[in-house]
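Chain and residue survey
Residues per chain are reported as follows:
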Amino acid sequence: MTLALETQALTKRYGRRLALDAVDLAVEPGTVFGVIGPNGAGKTTTMRLLLDIIRPTSGSARVLGQDPRQGGVELRRRIGFLPGELRLEGRVTGRALLKHYAEISGPVAPGVVDSLAQRLDLDLSRQVRKLSKGNKQKLGVVQAFMHQPDLLVLDEPTSGLDPLVQQEFLTMVREAKNNGQTVFLSSHVLSEIQQAADSVAILRAGRIVTVSDVDTLRATALRRVNATIADATADAVRTAFARDQHLAELTITAGDSLTIAGTLEGDIDPFVKAIAAFTVVDLRVEEPDLEESVLGLYAKESTDD
Amino acid sequence: MTRPLPLYRRSLGESWRSLIGWSLGFLAALLLYVPLFSSIGGNPDMQALLDSLPPAMISALGYGAIATGAGYVSATFYGLMGFALSTIAAVAWSSAAIAGDEELGSLELTLAHGVTRTQVVLERSAAIITKLVWLNVLSVLVIFALNDSAGLGLEFGNLVAVGAALLGISVLIAMVGIAAGALTGRRGWATGAAAGVAVASYALNAVANQSTDLDWLHSWSPYAWAFHNAPLSDGADWGGLGLLYGVSAVLLATAVVALNKRDVGI
């Protein structure tokens, strides 16, 4: 079976700066593949290379079995692309703009644009330049999905979308996958990738730190917990949490009630069980930003080699 | 299902409002200058005033033959206002077409679709040329309509010839902007190169007009290629037109090759 997407030692250098360093990726058809990493890690560079917007310094890529450079127009018609920094301008309406993009991509089935717009709650009759950032992003999503391409390349697709629309978008990604389409998407939000992707590559400073499935990633993810507990002493709390191997950096601040904070790595269950013994006034479990959580874990690994 | 020239149609479709503005500008310039021929160019007092001015200034402006209808229209509209307006339009449109779109980030999205880079350069250039053709057709028709009432005594064939000359230099300036944009991807460079060529070719021509010793400079000025041999009085200057359109074609080919070779949007 041909891979939907494959790169071999894909490298991109801008002058002396190495943007992408010998990246090997393999994406099975009909799967959702996520790339996460901080800004400047090489996510956008990788995607631009796949679309032949930029050319590799060395190494190679195959997209739907073809070299992006050789595949040309016919190959790009089979791809839906959403750029990371989408800036749409113009006095034309959203509908007119989508009509233009439909003319230069694969055939769009009747009614698809309207149904996508409806799902994302996007008004197609408004002028593009007057749309908010989120609505422009929706237009970008629609133009990427509307011709039901074999491969979707989506750079930070949910940026600017409100949470309800984000959920709808993730549903669309799952539907695409069920249709047999392949989705290659990037994000700096771990939870989003966790919901959507089958496998995840973590990119840092132009190199792949690790490729793993989502469950593995979840098991190793760090979370920050904050809780307020009434009617308890600091010692009692400390004792209760002492057995939790996953809890680190525990701080307890006494006041009218006790405020506790710490970080959890992996399994959250023992912490929940332990805190249940107290009167919990407030509890927050937060996913720290990507840099702290996942990349923190792999930082050592990446500096070792 | 697939209609031809999608990028060309989009370029024109997006700019019809601005084209109306430009058309009004050209109309205003024409209606301001051309009807005044009898009271300025053909007026003996005006001739006396011109005679009192320094000859160097007269030759720099190309006002030497202002007493005839052809000389007047050449000097006031084609050599000055029409050239200035066309230059501004050519610089603005050409720098926006490739480099401006690239700096906005939207060229990247277009190129990710089913179009080639060659197609992008050619269709967008064609849209600019179409708009420049329209402005020149409009000018020729307006001047011809005023020909009798203003007493200009112009021949239609010569009017077409000077229109082709102004179109030629405008296209050349636009192709400088397209080529510089395709080479660099920077709007500033595209604007600078196109405007620079326009200003340099005007200045070179003005200097070359000063003495017969400097006459050879005319052969280096696209402005002189267009207007030095007085197409409005003497008919088409085929050599000059050949240079204008030939160099434009070379610049367009350069733009195609350049955009195909390089990374976009970095």
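As the structure is a computational prediction, the values presented were derived from the model and not from experiment.

When its secondary structure is counted, chain B shows 11 helices and 0 strands. In sequence order, the secondary structure elements of chain B are arranged as α-α-α-α-α-α-α-α-α-α-α. Since a compact globule built from 266 residues should have a radius of gyration of about 18 Å, the 20 Å found for chain B is in line with a globular shape. Expressed as lengths along the three principal axes of its C-alpha atoms, the size of chain B is roughly 65 × 40 × 30 Å. Counting across all 266 residues of chain B, residues that qualify as buried make up 51%. As presented, chain B carries roughly 11,000 Å² of accessible surface, and 71% of it is formed by carbon and sulfur atoms. Separation between the mean location of the 11 positive side-chain charges and that of the 15 negative ones in chain B comes to 21 Å.

Right, let's get into a nonpolar patch on the surface. All names here are of chain B. A contiguous nonpolar patch, built from V133, W134, V137, L141, F144, F156 and V160 and spanning about 580 Å² of accessible area, is present on the exposed surface. In terms of residues, the nonpolar patch owes the most to one element, helix 6 (residues 117-146), which gives 5 residues. With respect to the helices, strands and loops of the structure, L141 is situated in helix 6.

This next bit is on the side chain of R124(B). With respect to the secondary-structure elements, R124(B) resides in helix 6. Beyond its immediate sequence surroundings of up to four residues, R124(B) is in contact with S11(B), A97(B), D101(B), L107(B), T110(B) and Q119(B).

A cluster of basic residues, R91(A), R126(A), R129(A), K130(A) and R17(B), forms a positive patch at the surface. Relative to the helices and strands, R126(A) is located in the loop between helix 4 (112-119) and helix 5 (133-145). Residue class for R126(A) comes out partly exposed when judged on its relative accessible area of 36%.

Contacts between chain A and chain B engage 29 residues on the former and 28 residues on the latter. Contact with chain B buries area across many residues of chain A, yet I53(A), E103(A) and I104(A) alone supply 23% of it, more than any other trio. Counting every contact that joins chain A to chain B gives 3 salt bridges. Among the ionic pairs, D263(B) bridges to K12(A), the shortest N-O distance being 2.4 Å. The interface formed by chain A and chain B includes 16 residue pairs in polar contact (both at pLDDT 80 or more). Elements with a contribution of two residues or more to the side of chain A that touches chain B: strand 1 (5-14), helix 2 (68-77) and helix 3 (94-103) of chain A. Looking at which element gives the most residues to the side of chain A that touches chain B, the answer is helix 3 of chain A, with 5 residues.

Moving on to helix 4 (residues 69-104) of chain B. All names here are of chain B. The axis of helix 4 is deflected most strongly, by about 50°, at A96. With respect to burial, helix 4 is a largely interior element, 27 of its 36 residues being buried. Immediately downstream of helix 4, the backbone of G105 shows phi near 100°, a positive value.

Cut-offs and rules
Residues numbered from 1 in each chain as written. Chains lettered and ligands numbered in written order. Predicted model: local features only at pLDDT ≥ 70, side-chain atom pairs only at ≥ 80, totals over all residues. Heavy atoms only, no water. Helix = DSSP H or I, 4+ residues; strand = E, 2+ residues; numbered from the N terminus. Rg over C-alpha atoms; globule rule 2.2 N^0.38 Å. Buried < 20%, exposed > 50% of the residue type's maximum accessible area, 1.4 Å probe, protein only. Areas by Shrake-Rupley, 256 points an atom, 1.4 Å probe, with all protein chains shown as cover. Lys, Arg positive; Asp, Glu negative; His and termini not counted. Charge placed at Lys NZ, Arg CZ, Asp CG, Glu CD. Patch = residues over 30% accessible without salt bridge, like charges linked within 9 Å, V, L, I, M, F, W, Y side chains within 5 Å. Salt bridge = Lys/Arg side-chain N within 4 Å of Asp/Glu carboxyl O. Contact = heavy atoms within 4.5 Å. Buried area = accessible area lost by both parts, 1.4 Å probe. Polar contact = N/O pair within 3.5 Å; in protein donor to acceptor, adjacent residues only side chain to side chain. Bend = angle between axes of the 7 residues up to and from the residue.

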